[in-house]
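This is what each chain is made of:
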Amino acid sequence: MLLADMMTAMELELSNTTLWTDSEHTRSIQKTVNLLSRLIPRRVTVEGIVLGDVTAETLTITSNTGTTAYKPIKKDSVSITGEVEGTDYTVNYLTGVITEIGSLLADGAYSITYKVDDKAFDLAQVSLTDYLRIESIDYPVGDSTSPHPTFDVINNIIFLRGANVFTEDEHIRI
């Protein structure tokens, strides 16, 4: 049902449309839908492909920092052409933020190569950032012999527990 249809039905039920404004009707309907959605949430299944090596990505440094296209990054896997990690720049492996040290990394475009962490999957890759909880992940998709791996979700990133790892180009269902 659309908001306009809900407004019409509510005005008919109240039979006096002069008591409340349209914005008050809209706000009350939105609040009711939000509260009901918490009790009966919409279930969504999304699928994605696990990333591995990222090569020749263009990293733009502006005001001393730049951000990689994918995160989290596997430790010690970052390579910026002509620059040295720890001397010219630092890496926040969880967020993918590259920060220059001193003034050794001038603003501009750089070629960067790195590996995406094989124990983590960023939910932004499948456009899943507005959720209440994740019930399960099916990985690899279609492998009925493998049980659902155990995981934790921290800052919209799924972290596998134990010895489980993600394999590049495999499909994941959340």
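The structure we're discussing is the one just above.
What you see is a predicted model, and the numbers here were worked out from it, not measured in a lab.

Across the sheet, three strands lie side by side as S2-S7-S4; this open sheet has antiparallel pairing. With one partner strand each, in any of the chains shown, strand S2 (53–61) and strand S4 (79–80) form the two edges of the open sheet. When S2 meets strand S7 (residues 108–115), the two strands line up antiparallel, connected through seven bridges. Each bridged residue has a counterpart across the sheet, and for aspartate 53 the counterpart in S7 is lysine 115.

Attention shifts here to the sheet that holds strand S8 (residues 120–122). Spatially, S8-S10-S9 is the arrangement adopted by the three strands of the open sheet, whose pairing is antiparallel. Single-partner strands in this sheet number two, and they are S8 and strand S9 (151–154). With strand direction ignored, the average angle separating the axes of adjacent strands in the sheet is 20°. Pairing of S8 with strand S10 (residues 157–160) involves three bridges; the strand directions are antiparallel. Looking at S10, one finds that phenylalanine 121 is bridged to isoleucine 158.

What follows deals with a negative patch on the surface. A surface patch of like charges, here negative, comprises Asp53, Glu168, Asp169 and Glu170. By the element assignment, glutamate 170 lies in the loop between S10 and strand S11 (171–173).

Bridging between S9 and S10 involves four bridges; their strand directions are antiparallel. Considered in S10, the bridge of valine 153 is made with isoleucine 158. Hairpin connection between S9 and S10: a loop of two residues separates the two successive antiparallel strands, and asparagine 155 in this loop has a positive phi of roughly 50°.

Further remarks concern the pattern of salt bridges. Throughout the structure, instances matching the rule amount to seven salt bridges. Two residues, arginine 43 and glutamate 135, come together in a salt bridge whose shortest N-O distance is 2.5 Å. On the criterion of sequence distance, the pair formed by arginine 43 in the loop between helix H2 (22–39) and strand S1 (47–49) and glutamate 135 in the loop between S8 and S9 is long-range, its members being 92 residues apart. The exposure class of arginine 43 is exposed, given its relative accessible area of 68%. Judged by its relative accessible area of 45%, glutamate 135 is partly exposed. Each of Arg43, Arg133 and Glu135 takes part in a single network of salt bridges with overlapping partners.

Along the chain, aspartate 117 falls in the loop between S7 and S8. An unpaired buried charge is present at aspartate 117: no salt bridge exists, and lysine 74, the closest side chain of opposite charge, is 6.3 Å distant. With near-sequence residues (within four places) excluded, aspartate 117 lies in contact with Pro72, Ile73 and Lys74.

What counts, and at which threshold
- Residues numbered from 1 in each chain as written.
- Predicted model: local features only at pLDDT ≥ 70, side-chain atom pairs only at ≥ 80, totals over all residues.
- Heavy atoms only, no water.
- Pairing = 2+ DSSP bridges.
- Helix = DSSP H or I, 4+ residues; strand = E, 2+ residues; numbered from the N terminus.
- Axes fitted to C-alpha atoms, helices over the stretch in contact; angles between N-to-C directions.
- Patch = residues over 30% accessible without salt bridge, like charges linked within 9 Å, V, L, I, M, F, W, Y side chains within 5 Å.
- Areas by Shrake-Rupley, 256 points an atom, 1.4 Å probe, with all protein chains shown as cover.
- Salt bridge = Lys/Arg side-chain N within 4 Å of Asp/Glu carboxyl O.
- Lys, Arg positive; Asp, Glu negative; His and termini not counted.
- Charge placed at Lys NZ, Arg CZ, Asp CG, Glu CD.
- Buried < 20%, exposed > 50% of the residue type's maximum accessible area, 1.4 Å probe, protein only.
- Contact = heavy atoms within 4.5 Å.

Fair warning: the whole summary comes from geometry, so function is off the table for now.
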